[in-house]
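# Coordinate inspection notes
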Amino acid sequence: PSFNVRYEAIIAVAHSRPDPELVDAMIGLLGSNEPDLSVNAAWALGRMGDKSAIIALRETLHSDYPLLCARSARALATLGDTESIPYFVDRFVAETDPGIRIAYAQSLGKLRYRDHIEPLMDFLSSLQEPILRAEMALAMARIIGNERQYMMLWRQFRDDFEIAIVKAILLLK
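### Details of the overall build of the protein
Within the protein, the regular secondary structure consists of 11 helices and zero strands. Counting from the amino terminus, the protein carries its helices and strands in the arrangement α-α-α-α-α-α-α-α-α-α-α. For the protein, the residues scored as buried account for 41% of the 173 residues in total. Accessible surface, the protein as shown: approximately 10,000 Å² in total, 56% of it carbon and sulfur. Distance from the positive charge centre (19 side chains) to the negative charge centre (23 side chains) of the protein: 8 Å.

This is the structure:
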């Protein structure tokens, strides 16, 4: 009956190898009346990497809980579900909450969807919060295709701006 025990069980399952019974258990939690557990079950399904969860995760994209929708989008992107891209684009455009919009942008980034770069860039430029800007910029780096280089430069910019900017210019040459 303990919420914390159920929550910890989801985390443990997420770190295990995909097993049909465990995948089914996580899918069962997606539709439960406990949104906290549903959100974490969606994360676990993405982390487990079992593509048999794709259909169930797609269904949760239409949930009344925006965080569950966003987490499901992230999980679907992790599973490589390119068929959900049109939905991610629509939700990115329609959503007003910046944190939820970033989840859809990250999903597009993970799937390297290039046909929506301009609205993503506009959204990036509108963000004020540093952590949201950083996550959105990472989504853009994934789309462009050089996430590793972006992360290297991001760390350098935080530590030593001048040296990092010179290295970035050299890389552009």
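### Focus: the packing of aromatic side chains
Summed over the entire model, instances satisfying the criterion amount to three aromatic pairs. Aromatic pair Phe-3 and Tyr-7: ring centres 6.1 Å apart, planes at 25°, arrangement stacked. With a gap of four residues between them, Phe-3 and Tyr-7 both fall in helix H1 (residues 3-14), about one helical turn apart. The exposure class assigned to Phe-3 is partly exposed, which follows from its relative accessible area of 31%. Here Phe-88 and Tyr-104 contribute two aromatic rings whose centre-to-centre distance is 6.4 Å and whose plane-to-plane angle is 40°, an arrangement assigned as tilted. With Phe-88 in helix H6 (residues 85-94) and Tyr-104 in helix H7 (residues 98-110), the pair connects residues that are 16 residues apart, well separated along the chain. Take Phe-88 and Tyr-104: they sit in the same class, and that class is buried. Between Arg-101 and the ring centre of Phe-92, over which it is positioned, the NZ or CZ distance is 4.2 Å.

What counts and what doesn't
Residues numbered from 1 in each chain as written. Predicted model: local features only at pLDDT ≥ 70, side-chain atom pairs only at ≥ 80, totals over all residues. Heavy atoms only, no water. Helix = DSSP H or I, 4+ residues; strand = E, 2+ residues; numbered from the N terminus. Buried < 20%, exposed > 50% of the residue type's maximum accessible area, 1.4 Å probe, protein only. Areas by Shrake-Rupley, 256 points an atom, 1.4 Å probe, with all protein chains shown as cover. Lys, Arg positive; Asp, Glu negative; His and termini not counted. Charge placed at Lys NZ, Arg CZ, Asp CG, Glu CD. Phe/Tyr/Trp six-rings, centres within 6.5 Å; stacked < 30°, edge-to-face > 60°. Lys NZ or Arg CZ within 6 Å of the ring centre and 35° of its normal.

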